[in-house]
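# Tertiary structure, described
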Amino acid sequence: MARTQPNGVPRESDGSVGWSVPGASAQVWPDGRVEVRGAGGAVLSVRPEGSA
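Residues numbered from 1 in each chain as written. Predicted model: local features only at pLDDT ≥ 70, side-chain atom pairs only at ≥ 80, totals over all residues. Heavy atoms only, no water.

## A word on a nonpolar patch on the surface
As a reminder of what qualifies: The patch calculation keeps residues exceeding 30% relative accessible area without a salt bridge and links them within 9 Å when they carry like charges or within 5 Å when they are nonpolar (Val, Leu, Ile, Met, Phe, Trp, Tyr). For the area figures, the Shrake-Rupley method with a 1.4 Å probe applies, and any residue is considered shielded solely by the protein chains shown. Here, a salt bridge means any side-chain nitrogen of Lys or Arg that lies within 4 Å of a carboxyl oxygen of Asp or Glu. We count a stretch as a helix when DSSP gives it H or I for four or more residues in a row; a strand needs E for two or more, and each element gets its number in order from the N terminus. Partly exposed describes any residue whose relative accessible area lies between the buried limit of under 20% and the exposed limit of over 50%, with all areas from a 1.4 Å probe on protein chains only and scaled to the type maximum.
A cluster of nonpolar side chains, namely Val36, Leu44 and Val46, defines an oily patch on the protein surface of about 230 Å² accessible area. Within the secondary structure layout, valine 46 lies in strand E4 (residues 43-46). According to the relative accessible area criterion, valine 46 is partly exposed, its value standing at 39%.

## Examining the pattern of salt bridges
Across all of its chains, the model carries 2 salt bridges by this definition. In this structure, the salt-bridge partner of glutamate 35 is arginine 37, at a minimum N-O distance of 2.9 Å. Exposure remark for arginine 37: the relative accessible area of 42% places this residue in the partly exposed category.

## What to know about the sheet that holds strand E1 (residues 17-21)
Definition in use: A pair of strands counts as paired when DSSP detects no fewer than two bridges linking them. Every angle, taken between N-to-C directions, lies between 0 and 180 degrees, and every axis is a line fitted to C-alpha atoms, over only the stretch in contact when it is a helix.
Spatially, 4 strands are ordered E1-E2-E3-E4 in an open sheet, and the strand pairing comes out antiparallel. Each edge of the open sheet is held by one strand with a lone partner, namely E1 and E4. Direction aside, the axes of adjacent strands within the sheet are offset by 10° on average. Sheet topology places E1 next to strand E2 (residues 24-28); 5 bridges connect them, and they run antiparallel. In the strand pairing of E2, valine 21 is matched with alanine 24.

Dropping the structure here:
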């Protein structure tokens, strides 16, 4: 997530939307992939599956 990008505004380069708070950040891509990062370096990356 670009630090200069406002929270919740889609990025033109890849269509993702990101949020950050002190100590954590999250990014959601158009394909449904979600990535959450903690300040300690922990990363959780998921892609939900199922019928739409």
